[in-house]
Amino acid sequence: MKKLLNLMFKFFMILSLLFMVLCEEDKSTLAPYEGQTYLSEITIEKKTLSPKFTWLGGYISAFGINRGQEAALDSTLQWLVHTDGNNLRYPLEYGVVPEGAVDLTSQYGGEFESLIEDSNFTFWVVKAEGWDTIKNNTGKTLLQTEIDSAKESNQDTLFIDNYNYLKKSFRIDIYTNIDTNSIKLRGGLAKINLIETDTSNSPVVTWEIIDDDFNDSLISATGICEGVSYDPTKIVWEAWSVDTVDGETMYGSKNVIRQPLIMGQDLPGTRVFTQFPEQGLERNKNYLFWIAGEGWNGEDHLRFTKYHAYITFQTW
């Protein structure tokens with residue numbers, strides 16, 4: 001009997017040990033992504049065409065940029081850098097391939113070039129596990145999903161979980177824009193045209209003379225002020241021609257200003273009475289830009305002022 005009890009005791013001890021081992025194994029078998037961090041919050045440096053990028057969620061395997069509002073390994077690729085494993089660290093600077101990384105842009109039909117003002121781009125980050133799936137699905141649109149471990153695919157779309165993949169569409173908008181719907185032209189001298197640039201906050205100006213009494217393509221004075229009507233207390237920039245007649249200095253009496261002109265540029269044969277601000281035009285402002293030619297009375301900026309024209313517009 002005693003021997004039987006000893007055998008039973010040993011049997012129960014073995015069962016207990018097996019149970020403990022199984023429990024430990026269960027504890028070591030984690031659910032997918034347990035303890036991992038979601039990729040989130042891609043941050044793009046502003047006011048530069050060579051931005052730096054950061055993100056939340058740890059180091060990554062690849063960083064990509066596509067032209068437009070979709071991500072894919074196709075000809076819309078603007079830039080793609082990759083490392084084996086998750087070894088890409090932030091901040092990452094546009095166009096600078098980190099040590100240990102390679103540029104794969106051309107390998108997938110893309111072309112590296114400068115980012116373009118007032119254009120949409122899609123920025124995306126992916127971890128190594130996600131990259132292994134993406135690289136085998138070239139040409140497919142890459143979409144983010146919150147479904148754990150989802151890497152579903154159809155004919156033209158690949159869904160990647162947000163533990164492994166994140167994208168952000170972003171418009172490059174460094175310089176002040178002109179609301180074309182706000183433009184109003186006044187005056188009988190000329191039709192004035194404003195052209196935004198993608199390199200500064202100083203628009204280009206051209207004009208077409210429409211006054212039959214004005215036989216010149218040059219003008220004698222120009223300027224811009226804040227507001228929808230001329231305000232001498234809110235002048236942003238003014239340049240008047242300079243001439244000497246019988247020993248007397250005359251301003252705005254001679255046509256010397258050629259087109260196209262850039263607001264704020266040096267204009268030969270003129271005197272600048274108010275310097276154009278270094279930062280150029282500001283956002284969310286109303287402006288009045290005017291031109292005048294030889295024969296203008298030098299004072300009025302009204303709708304029916306002879307040899308004078310102006311344009312009002314809003315910025316954003």
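Residues numbered from 1 in each chain as written. Predicted model: local features only at pLDDT ≥ 70, side-chain atom pairs only at ≥ 80, totals over all residues. Heavy atoms only, no water.

Another aspect to go through is the overall build of the chain. Secondary structure summary: the chain contains 2 helices and 20 strands in total. Within the chain, buried positions represent 39% of all 316 residues. Here the analysis covers contacts within the chain between residues at least 6 apart in sequence; of these, 64% occur between residues at least 24 apart. (Helix = DSSP H or I, 4+ residues; strand = E, 2+ residues; numbered from the N terminus. Buried < 20%, exposed > 50% of the residue type's maximum accessible area, 1.4 Å probe, protein only. Contact = heavy atoms within 4.5 Å.)

This part covers the pattern of salt bridges. According to the stated counting rule, one finds 8 salt bridges in the structure shown. Close ionic contact of Asp132 with Lys135 constitutes a salt bridge, the shortest N to O distance being 3.8 Å. Judged by relative accessible area, which is 41%, Asp132 ranks as partly exposed. We note a salt bridge from Asp173 to Arg283, for which the minimum N-O separation is 3.3 Å. On the criterion of sequence distance, the pair formed by Asp173 in the loop between strand E10 (165-172) and strand E11 (178-187) and Arg283 in the loop between strand E18 (270-274) and strand E19 (286-292) is long-range, its members being 110 residues apart. Accessibility expressed as a relative area gives 31% for Arg283, which makes it partly exposed. Residues joined in a network through salt bridges with shared partners are Asp211, Asp213 and Lys306. (Salt bridge = Lys/Arg side-chain N within 4 Å of Asp/Glu carboxyl O.)

What follows concerns the environment of Arg271. Note that Arg271 resides in strand E18. As a C-alpha pair, Arg271 and Tyr251 span 20 residues in sequence and 8.1 Å in three-dimensional space. A distance of 3.0 Å separates a polar atom in the side chain of Arg271 from a polar atom in the side chain of Tyr251. (Polar contact = N/O pair within 3.5 Å; in protein donor to acceptor, adjacent residues only side chain to side chain.)

What follows deals with empty space enclosed by the protein. Under the criterion given, the structure shown has 1 cavity of 30 Å³ or more. Roughly 70 Å³ of volume is contained in the largest cavity. Surrounding the largest cavity, Thr176, Asn177, Ile178, Ile195, Glu196, Thr197, Ser200, Asn201, Ser202, Pro203, Leu281 and Thr315 form its lining. Looking at side-chain class alone, the lining of the largest cavity contains 4 nonpolar, 7 polar and 1 charged residues. (1 Å grid on protein atoms, 1.4 Å probe; cavity = no way out; pocket = protein on both sides within 12 Å on 5 of 7 lines; lining within 4 Å. Points joined across faces, edges and corners; volume = space filled by probe spheres on them. Nonpolar A, V, L, I, M, F, W, Y, C, P; charged D, E, K, R; others polar.)

Within the open sheet, the 3 strands sit side by side as E12-E13-E17. Their pairing is antiparallel. Each of the sheet's edge strands pairs with one partner strand only, and the pair in question is strand E12 (190-195) and strand E17 (261-262). Alignment of E12 against strand E13 (residues 204-209), held across 6 bridges, turns out to be antiparallel. Considered in E13, the bridge of Ala190 is made with Ile209. (Pairing = 2+ DSSP bridges.)

Moving on, we come to the sheet that holds strand E6 (residues 102-103). Sheets are built from strands that pair by backbone hydrogen bonding, the pairs being arranged parallel or antiparallel. Taking strand neighbours across the sheet as the criterion, the 5 strands line up as E6-E4-E3-E7-E10 in an open arrangement whose pairing is antiparallel. Each edge of the open sheet carries a strand with a single partner, namely E6 and E10. When strand E3 (residues 62-67) meets strand E7 (residues 119-126), the two strands line up antiparallel, connected through 6 bridges. Residue pairing for E7: Phe63 is matched across the bridge by Val125.

Geometric values such as these leave the question of function open.
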